[in-house]
Amino acid sequence: MATIEQIKQLREETGVSPIEIKKALEQSNGDLQKAKDLLRIWGQKVLNKKTSRETKSGLIETYLHSNAQTGVLLDIRCETDFVAKSPDFKNLAHEICLQIAAMKPMFVSELDIPEEFLEGEKRIYQEQVKDSGKPENIVNQILEGKLEKYKQGICLLSQPGLKTTQKQ
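Report follows, based on the coordinates. Keep in mind that what you see is a predicted model, and the values were worked out from it rather than measured.

## Considering the nonpolar core
Alright, step 1. Core analysis: the biggest nonpolar cluster contains 13 residues, and Leu59, Leu74, Ile76, Phe89, Ala93 and Ile96 have the highest contact counts within it.
Alright, step 2. Every element with two or more residues in this core is listed here: β2 (71-78) and α5 (87-103).
Alright, step 3. Residue contributions to this core peak at 6 residues, all from α5.
Alright, step 4. Setting aside residues no more than four positions away along its own chain, Phe89 makes contact with Gly58, Leu59, Ile76, Arg77, Cys78, Val83 and Ala84.
Alright, step 5. Membership of the second largest hydrophobic core comes to 11 residues, among which are Tyr125, Val139, Tyr150 and Cys155.

In structure tokens form, the structure reads like this:
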């Protein structure tokens with residue numbers, strides 16, 4: 001039998017609905033770790049189902065800066081027109097437009113960056129640190145850190161502070 005404290009704890013840790021948590025705790029005989037694992041498995045199944053759904057509805061949001069030199073046109077999609085018409089969805093679209101206008105990302109995600117583009121940056125960074133006298137493993141860590149920071153700056157979904165509706 002799942003206790004209220006266990007349900008509360010898993011709810012805080014995972015953000016999953018209490019009903020699903022209770023089912024997971026019952027199947028795992030009250031073992032919190034096994035319940036978490038079950039919730040992750042179930043979550044992956046739900047995610048797989050949702051990714052195959054078609055997003056037919058949505059809206060077009062625009063933003064034009066007061067200087068009329070920076071503008072954003074965003075096409076954002078969702079599954080239903082009910083969601084598309086909601087104030088929260090419209091606000092999300094507007095916030096994303098502001099983020100794009102402020103940060104000027106070149107790509108949506110890291111997967112969109114061409115490999116040759118990253119190789120060019122990597123060569124520049126290698127040239128910058130080649131005469132530093134640091135051990136090779138430290139140089140590799142520096143290069144990796146510089147590339148990660150660069151990706152954050154040029155990818156919309158990697159930018160810190162990006163507003164999304166997903167719980168972190």
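And the narrative resumes.
## Some details on the side chain of Ser158
Alright, step 1. Structurally, Ser158 is set in the segment after α7 (136-154).
Alright, step 2. A polar contact is formed between the side chain of Ser158 and the side chain of Glu110, at a distance of 3.1 Å.
Alright, step 3. Excluding residues within four positions of it along the chain, Ser158 makes contact with Glu110, Lys151 and Gln152.

## A closer look at the pairing of strand β1 (residues 57-64)
Alright, step 1. Two strands pair when backbone bridges link them, and β1 and β2 are joined in this way by 8 bridges, in the antiparallel orientation. Each bridged residue has a counterpart across the sheet, and for Glu61 the counterpart in β2 is Leu74.
Alright, step 2. Hairpin geometry of β1 and β2 is characterised by an intervening segment of 6 residues between the two adjacent antiparallel strands and by a positive phi of about 60° at Ala68.

## Quick word on helix α1 (residues 4-14)
Alright, step 1. Buried within α1 are the following residues: Gln6, Ile7 and Leu10. With its buried residues spanning 95° around the axis, α1 presents them on a single face. Counted as exposed and oriented over 90 degrees from the buried face of α1: Ile4, Glu5, Lys8 and Glu12.
Alright, step 2. Just past α1, the residue Gly15 takes up positive phi, approximately 80°.

## Side note on the state of the cysteines
Alright, step 1. This structure, assessed with the given rule, holds 0 disulfides.
Alright, step 2. This cysteine, Cys78, is not joined by any disulfide, and Cys97 carries the nearest cysteine sulfur, 15 Å off.
Alright, step 3. For Cys78, a relative accessible area of 7% translates into the label buried.
Alright, step 4. Counting only cysteine sulfurs, Cys97 is the nearest neighbor of Cys155, a cysteine outside any disulfide, at a range of 18 Å.
Alright, step 5. With relative accessibility at 0%, the residue Cys155 sits in the buried group.

Cut-offs and rules
- Residues numbered from 1 in each chain as written.
- Predicted model: local features only at pLDDT ≥ 70, side-chain atom pairs only at ≥ 80, totals over all residues.
- Heavy atoms only, no water.
- Core = buried A, V, L, I, M, F, W, Y, C linked by side-chain atoms within 4.5 Å.
- Buried < 20%, exposed > 50% of the residue type's maximum accessible area, 1.4 Å probe, protein only.
- Helix = DSSP H or I, 4+ residues; strand = E, 2+ residues; numbered from the N terminus.
- Contact = heavy atoms within 4.5 Å.
- Polar contact = N/O pair within 3.5 Å; in protein donor to acceptor, adjacent residues only side chain to side chain.
- Pairing = 2+ DSSP bridges.
- Arc of directions from axis to C-beta.
- Disulfide = S-S within 2.5 Å.

By themselves, these observations are geometric and do not establish any function.
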